[in-house]
Amino acid sequence: MDTPVARALLEELRRRGHETVAHGALAEGERADWAWACERTARDVAVGDAEQGIVCCWTGTGASIAANKVAGVRAALCADAETARGARTWNDANVLAISLRSTSQPVLEEILDGWFATGPSDDPTDRANIDHVADIDASRVGG
């Protein structure tokens, strides 16, 4: 979705020196719908074409759900900097999901600060949880 927040996100990432690849409404010739754009971003991360990704939709919920459907992606919906720091630390999240409706420019900058300033924990308990989540097979039901 091409919104002022989406454009501000791209501008802020570039200002911080990050190389960006836009998908969806911000990429000419691509389908603008959020589900397709989020899948493309998640696949970029999963195959190693991008270290991390940022996905957006009106609430951020659908964006995180779509991204998490891609194997190897750990997308986290973050509405504040502390949640972004926690997602990186305790979940080794590699895709940030944000709401285009409720994220202001100052909050967006704080979320990005928290996200990029934090890496995954080396604590054995945290690593065990991260590894276990990676081993969960979404196709198993009732397992």
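The rules behind the values
- Residues numbered from 1 in each chain as written.
- Predicted model: local features only at pLDDT ≥ 70, side-chain atom pairs only at ≥ 80, totals over all residues.
- Heavy atoms only, no water.
- Axes fitted to C-alpha atoms, helices over the stretch in contact; angles between N-to-C directions.
- Helix = DSSP H or I, 4+ residues; strand = E, 2+ residues; numbered from the N terminus.
- Parallel < 35°, antiparallel > 145°, perpendicular 65-115°, else oblique.
- Left-handed = near helix turned anticlockwise from the far one by under 90°.
- Contact = heavy atoms within 4.5 Å.
- Nonpolar A, V, L, I, M, F, W, Y, C, P; charged D, E, K, R; others polar.
- Expected span 1.5 Å × (residues − 1).
- Buried < 20%, exposed > 50% of the residue type's maximum accessible area, 1.4 Å probe, protein only.
- Arc of directions from axis to C-beta.
- Pairing = 2+ DSSP bridges.
- Phe/Tyr/Trp six-rings, centres within 6.5 Å; stacked < 30°, edge-to-face > 60°.
- Lys NZ or Arg CZ within 6 Å of the ring centre and 35° of its normal.

**Student:** Quick question: what am I supposed to make of the packing of helix α4 (residues 81-91) against helix α5 (residues 105-116) here?
**Tutor:** For any two helices packed against each other, the geometry comes down to the angle between their axes and how far apart the axes lie. At a minimum axis separation of 7 Å, α4 and α5 run at an interaxial angle of 20 degrees. In terms of their interaxial angle, α4 and α5 are classed as roughly parallel. Regarding α4 and α5, the two cross each other, and that crossing is right-handed. Mapping the contact onto sequence places Ala-81, Ala-84, Arg-85, Ala-87 and Arg-88 in α4 and Glu-110, Ile-111, Gly-114 and Trp-115 in α5. Tallied by class, the residues present in the contact of α4 with α5 amount to five nonpolar, one polar and three charged.

**Student:** When you look at helix α2 (residues 34-46) in this model, what are you seeing that I'm missing?
**Tutor:** An α-helix turns once per 3.6 residues; consequently, residues spaced three or four apart project the same way. Spanning 13 residues, α2 covers 18 Å between terminal C-alpha atoms, matching the ideal 18 Å at 1.5 Å per step. Along α2, the residues classified as buried are Ala-37, Cys-38, Thr-41, Ala-42, Asp-44 and Val-45. For α2, the arc enclosing every buried residue in end-on projection is 155 degrees, short of the 170-degree limit, so these residues lie on one face. Those residues of α2 that are buried lie in contact with β1 (53-57), α3 (61-68) and β3 (95-99). Where α2 terminates, the next one or two residues include Gly-48, which has phi positive at roughly 90 degrees.

**Student:** Would you explain the pairing of β1 in this entry?
**Tutor:** A regular strand places its side chains on the two faces of the sheet in alternate fashion. Of all five residues making up β1, five are buried, and the element is well covered by its neighbours. As paired strands, β1 and β3 are joined by five bridges and run parallel to one another. Its bridge partner being in β3, Cys-57 is matched across the sheet by Ser-99.

**Student:** Any chance you could explain the environment of Arg-127 here in plain terms?
**Tutor:** Note that Arg-127 resides in helix α6 (residues 124-135). Considered as a pair, Arg-127 and Val-70 are 57 residues apart in the sequence and their alpha carbons are 21 Å apart. Other than its neighbours up to four places away in sequence, Arg-127 contacts Asp-92, Pro-120, Ser-121 and Asp-122.

**Student:** Whenever I open this one, the packing of aromatic side chains confuses me. Can you help?
**Tutor:** Each aromatic ring pair is characterised by the separation of its centres together with the angle its planes make. For the structure shown, the criterion picks out zero aromatic pairs. Across the ring face of Trp-36, the terminal group of Arg-31 is positioned such that the distance to the ring centre comes to 3.5 Å. Sitting over the ring of Trp-115, Arg-88 keeps its end group 5.4 Å from the ring centre.

**Student:** Explain the environment of Arg-74 to me, please; I cannot follow it from the model alone.
**Tutor:** Summarising the element assignment, Arg-74 is placed in the loop between α3 and β2 (75-77). As for Arg-74 and Val-95, which are separated by 21 residues in sequence, their C-alpha atoms are 6.1 Å apart.

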